[in-house]
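Coordinate inspection notes
The primary structure of each chain is shown beneath.
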Amino acid sequence: MVPYVAYLRVYEPLSAFDESEAARWASYARAEAAATDTVTRLRDEQRQSLTAVLQPAGLASASAFDDSAYVLRTGEDIFVCPHDIRLRSWLALAELIDEIGDQQLRLLSPGSLEHVSPDFMSWRSKHPDAVPHIRQQTWHVPPAWLLLMDPEERETYQVDDQTSVRYRCPIVQARRRLGSAFAVIRRAFADEPVADVVSELGRWVESFHPHSWIELDYAGVARLLGDDLDGDRSCAEVAEAVQKLSRGDVADATASYERLVERWRRVRMAEHAN
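By convention here, each chain's residues receive numbers from 1 onward along its written sequence. The predicted origin of the model limits local features to residues at a pLDDT of at least 70 and limits the giving and counting of side-chain atom pairs to 80 or more, whereas totals for whole chains, interfaces and linings rest on all residues. As a rule here, side-chain values cover all heavy atoms of the structure and leave hydrogens and water aside.

**Section: the pattern of salt bridges**
Throughout this description, the term salt bridge denotes a Lys or Arg side-chain nitrogen within 4 Å of a carboxyl oxygen of Asp or Glu. Taken as a whole and assessed by the stated rule, the structure comprises 16 salt bridges. The shortest N-O distance in the salt bridge between D252 and K244 comes to 3.6 Å. Judged by relative accessible area, D252 falls into the partly exposed class, the value being 30%. Exposure is judged per residue with a 1.4 Å probe applied to protein chains only, and the accessible area is read against the type maximum: over 50% gives exposed, under 20% gives buried, and values in between give partly exposed. Residue classification places K244 among the buried residues on the basis of a relative accessible area of 15%. Members of the salt-bridge network, linked through shared partners, are R9, R168, E215 and D217.

What follows is the structure, encoded as structure tokens:
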């Protein structure tokens, strides 16, 4: 069963990669018969992640963890979203250190920092601008992600014999939507955390090739919505809240946004279920 995780993925064209990488991903896309099957790739990513948990000391140097990707085809064009397991793991480790401190982490995983830090610094020195192609969030879909999409882009697919939801669009459209929303949010809530969240998301989106595609995938989180999935209007509700805010109706916009947050807060409570 795929985990209760939602994903934000960026698929870059082969021209965004250097020559050797582009050739490798082109070969991968041709060789993998199920490369464009989201569920197959979800299970592959989950297998890699679980393997990494069982072998934490070898994660940083295991090139096999970066040899898989999601593939999107539009006509004759191929777009690739690498799993970036190593980079995402390193960044997650850095966040964990910031949260609990390296001394506590050493108690949880003795010896791991000594191995990871030099490898990460060496890799980072060669790839200073690299960012992960995938963001993930357990137990819910962050409202800021929904600003990137249009309700009309909603489509369903089957995972674990249940229906899930995803949105896809060219990244230039997503950037325009997010930029417009950020301008409205910054005017109304310049000193609030929500403005910082949207700004940081914008920097991440801007770091990719302009001909990329972006995908918001409810994946396993959709199961938590149950029968409410068919009527889920989260994307439309976020757009409506921004529209109200742009008209100066701060109170109504805030009320709409809080209703959305409260609905997802109830979903997130499943994290604490026994």
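**Some details on the environment of R30**
For the purposes of this entry, the term helix denotes a DSSP run of H or I that reaches at least four residues, the term strand denotes a run of E that reaches at least two, and both are numbered from the N terminus. Among the structural elements, R30 can be located in helix α1 (residues 19–31). Taking the relative accessible area as the measure of exposure, R30 reaches 64% and is therefore exposed.

**Thoughts on the packing of helix α7 (residues 171–188) against helix α10 (residues 234–246)**
In this analysis, axes come from line fits to C-alpha atoms, helices being fitted only over the stretch in contact, and the angle between any two N-to-C directions falls in the range 0 to 180 degrees. Closest axis-to-axis distance for the α7/α10 pair is 9 Å, and the angle between their directions is 55 degrees. Compared by their axis directions, α7 and α10 come out oblique. The hand of the α7/α10 crossing is left-handed. Along its contact with α7, which presents A181, V184, I185 and A188, the element α10 presents V242, L245 and S246. Relative orientations are named as follows: roughly parallel for angles under 35 degrees, roughly antiparallel for angles over 145 degrees, roughly perpendicular for angles from 65 to 115 degrees, and oblique for any other angle. Left-handed describes a crossing whose near helix is turned anticlockwise from the far helix through less than a right angle; right-handed describes the clockwise counterpart. It only takes one pair of heavy atoms within 4.5 Å for two residues to be counted as in contact.

**A closer look at the side chain of R166**
As for its position among the elements, R166 is in strand β6 (residues 162–170). By relative accessible area, R166 is classed as buried at 12%. Discounting residues that sit within four places of it in the chain, R166 has contacts with T38, E153, R154, E155, Y157, E215, L216 and D217.

**Some words on the nonpolar core**
We call a set of buried residues a nonpolar core when its members are Ala, Val, Leu, Ile, Met, Phe, Trp, Tyr or Cys and they connect through side-chain atoms within 4.5 Å of each other. Judged by nonpolar contacts, the single largest core of 40 residues is most densely connected at V141, L148, L201, I214, L216 and Y218. It is α7 that contributes the most residues to this core, six residues altogether. Ranked by size, the runner-up nonpolar core spans 14 residues in total, among them V2, V39, L42 and C81.

**Considering the packing of aromatic side chains**
Each Phe, Tyr or Trp ring (for Trp, its six-membered ring) is paired with any other whose centre lies within 6.5 Å, and the angle between the two planes then decides the class: stacked below 30 degrees, edge-to-face above 60, tilted in between. Enumeration according to the criterion identifies five aromatic pairs in this entry. With a centroid separation of 6.4 Å and an interplanar angle of 45 degrees, the aromatic rings of Y167 and Y218 are classed as tilted. Of the two residues, Y167 is situated in strand β6 and Y218 in the loop between β7 (213–217) and α9 (222–225); the sequence distance between them amounts to 51 residues. Under the relative-accessibility criterion, Y167 is labelled buried at 2%.

**Section: the environment of R268**
Position of R268 relative to the elements: it lies in helix α11 (residues 250–268). With residues up to four places along the chain from it excluded, the contact list for R268 reads W139 and H140. Polar contact criterion, stated in full: a pair of N or O atoms within 3.5 Å, where within protein one must be able to donate a hydrogen and the other to accept it, and residues adjacent in sequence count only if both atoms are side-chain atoms. A polar contact of 3.4 Å, which involves the side chain of R268, links it to the side chain of H140.

**With respect to unusual backbone geometry**
Despite not being glycine, D84 shows a phi value in the positive range, around 50 degrees. In this structure, D84 sits in the loop between β3 (77–82) and α3 (85–100). Taking the relative accessible area as the measure of exposure, D84 reaches 14% and is therefore buried. In this structure, A219 is a non-glycine residue whose phi angle is positive, near 45 degrees. Within the secondary structure layout, A219 lies in the loop between β7 and α9. With relative accessibility at 2%, the residue A219 sits in the buried group.

**Considering the pairing of β3**
With five of six residues buried, β3 lies mostly within the body of the structure. Being paired, for any two strands, means DSSP has found at least two bridges between them. Bridge analysis of strand β1 (residues 5–13) against β3 gives two bridges, and the strand direction is antiparallel. When the sheet's bridge partners are listed, P13 is paired in β3 with F79. When strand β2 (residues 69–74) meets β3, the two strands line up antiparallel, connected through six bridges. Looking at the pairing, A69 lines up with P82 of β3.

**Side note on the side chain of E237**
When you line up the elements, E237 lands in helix α10. On the basis of relative accessible area, E237 is assigned to the buried category, the value being 17%. If near-sequence neighbours (up to four positions away) are discounted, E237 is found in contact with L260 and R263.

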